[in-house]
Amino acid sequence: MEFNQEVKKATNHIYQKISKVLPEIEWASHAPYIHEINKLKKEKNAVILAHNYQTPEIYHGVSDFAADSLALAVEASKTSADIIVMAGVHFMAETAKLMSPNKKVLLPDMGAGCSLSSSITGEDVRNLKKQHPGVPVVSYVNTSAEVKAETDVCCTSANAVKIVKSLGVKKVIFLPDNYLAQYVASQTDVEIISWKGICVVHDQFNDQEIHEIRKNNPEIKIIAHPECPPDVIKASDFAGSTSGMIKYVKDNQPKKVMMVTECSMSDNIQVENPNVEFIRPCNLCPHMKKITLPKILDCLKNETGEIVMDQETIIKAKTSVEKMAAIGR
């Protein structure tokens, strides 16, 4: 695709926004796709959702909504769009379909999975419920629709503690992230029955790395996602969800910050906080990085990668998400 004057003029305002995090030499290859995608989504009455872990050219270049997975699904459900393109991973596209069952939901790469989501199945949840009869199941949104369908109430990393406390019980099955389960247990008096799922991005961090970065950057604020190991959270200044981490940076404007999470998130938030210096840990999500501008264009043009689910699963899974939404953040 050609980087001509028409493309340059139409996309220059986008590049000016992200020029600090994207080298100019790369822009010529991205801009024609951005221009074409933005034209096509208007023609097709489509919206593009981009998760915080997407690269800046996607996050700032073509998305109509950029946020965490649940916020994306909720915002898309409020639109009159006919088509939703999820620039994220499979469980996120499923969640968007749950919230917008009458819209066509597309995923640019059907192989974009998630280590947490793939760590547990609906059958696993049914077996756990047999082993612990009467114990309510709380599942992280980072799970498949079939797992959500076996769940009493879902949660996000932002409201996991609130959801567990709201149940008013002494024991909860909490799935599938083992580290998030440990974090919830540390914040409540509830006995947590956990699963051994991990996020391949957050599991790579360790407290030695955190201490080393702090030693080399005395004024730094280190903020971690609760999917990180407990020793990393303990070594950090703040632990919170993706939205919580973004709010921390926006509200506090630290001189230097390290966001202990996926690498692209630091790039995206740097754009919105130009006075903050980001020390970037480069742990990339291999699943998120399967989503590219050429794949988004192809997906939108040919309407491939459609998320299809049976009505029973949609109804049951949506119920657990709606219960979470009713409790709130």
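Our subject is the structure that appears above.
What counts and what doesn't
Position numbers for residues count from 1 along each chain, tracking the sequence in the order it is written. Local features in this predicted model are restricted to residues of pLDDT 70 or higher, and side-chain atom pairs are both shown and tallied only at a pLDDT of 80 or more, whereas totals for entire chains, interfaces and linings draw on every residue. As a rule here, side-chain values come from all non-hydrogen atoms in the structure, and water together with hydrogens is ignored. In this analysis, rings of Phe, Tyr and Trp, with Trp reduced to its six-membered ring, are considered paired at centre separations within 6.5 Å, and the interplanar angle assigns stacked below 30 degrees, edge-to-face beyond 60, and tilted for intermediate values. Only runs of H or I of at least four residues qualify as helices and only runs of E of at least two qualify as strands under DSSP, and these elements are numbered from the N terminus. In this scheme, a residue with accessible area under 20% of its type's maximum is buried, one over 50% is exposed, and one in between is partly exposed, where area comes from a 1.4 Å probe on protein chains only. A pair of strands is labelled paired if DSSP reports no fewer than 2 bridges between them. Here an angle of 0 to 180 degrees is reported between the N-to-C directions of two axes, which are lines fitted to C-alpha atoms, with helices fitted over the stretch in contact. Handedness rule for crossovers: strands pointing away from the viewer, path from the first strand over the helix to the second running clockwise, crossover right-handed. Throughout, a crossing is termed right-handed when the near helix is turned clockwise from the far one, and left-handed when it is turned anticlockwise from it by less than a right angle. The contact criterion used is simple: two residues touch if any of their non-hydrogen atoms lie within 4.5 Å. Gly is placed with the polar residues, together with every amino acid not listed as nonpolar (Ala, Val, Leu, Ile, Met, Phe, Trp, Tyr, Cys and Pro) or charged (Asp, Glu, Lys and Arg).

Caption draft 1: Local environment of the packing of aromatic side chains. Scanning all chains against the criterion turns up two aromatic pairs. For the pair Tyr 15 and Trp 27, a centre-to-centre distance of 5.1 Å together with 35 degrees between the ring planes defines the contact as tilted. A residue pair is termed long-range when its members are at least 10 positions apart, and Tyr 15 in helix α1 (residues 5–18) and Trp 27 in helix α2 (residues 24–43) qualify at 12 residues. Accessibility assignment for this pair places Tyr 15 and Trp 27 in one class, buried. Between Phe 238 and Tyr 248 the ring centres are 4.9 Å apart and the planes differ by 25 degrees, which places this aromatic pair in the stacked class. Here Phe 238, found in strand β10 (residues 238–239), pairs with Tyr 248, found in helix α12 (residues 242–252); they are 10 residues apart in sequence, far enough to count as distant.

Caption draft 2: Structural context of the sheet that holds strand β6 (residues 153–155). With parallel pairing, four strands are arranged side by side in an open sheet as β6-β5-β7-β8. Of all strands in the sheet, those with a lone pairing partner are β6 and β8 (191–194), marking the two edges. For this sheet, the mean inter-axis angle between neighbouring strands, taken without regard to orientation, is 30 degrees. By the bridge criterion, three bridges tie strand β5 (residues 137–140) to β6 in an arrangement that is parallel.

Caption draft 3: Quick peek at unusual backbone geometry. Pro 176 follows Leu 175 through a cis peptide bond whose omega is -15 degrees. Within the fold, Pro 176 resides in the loop between β7 (171–175) and α9 (178–187). One non-glycine residue with positive phi stands out, namely Asn 45, at about 55 degrees. One can find Asn 45 in the loop between α2 and β1 (46–51). Even without being glycine, Gln 253 reaches a positive phi, approximately 45 degrees. Here Gln 253 lies in the loop between α12 and β11 (256–260).

Caption draft 4: Highlighting the pairing of β7. Across the five residues of β7, four count as buried, placing the element largely inside the fold. Bridge analysis of β5 against β7 gives three bridges, and the strand direction is parallel. Note that in β7 the partner of Val 138 across the bridge is Phe 174. Strand direction decides the pairing type here: β7 and β8, joined by four bridges, are parallel. Paired with Val 172 across the two strands is Ile 192, which belongs to β8. Taking the sense of rotation as the criterion, the β-α-β connection linking β7, α9 and β8 turns out right-handed.

Caption draft 5: A look at the packing of helix α4 (residues 69–77) against helix α5 (residues 90–99). Between α4 and α5, whose axes approach to 8 Å, the crossing angle comes to 35 degrees. At the point where α4 passes α5, the crossing takes the right-handed sense. For the pair α4 and α5, the contacting residues are Ser 69, Leu 70, Ala 73, Val 74 and Ser 77 in the first and Phe 91, Met 92, Thr 95, Ala 96 and Met 99 in the second. Taken together, the residues of the contact of α4 with α5 sort by class into seven nonpolar, three polar and no charged.

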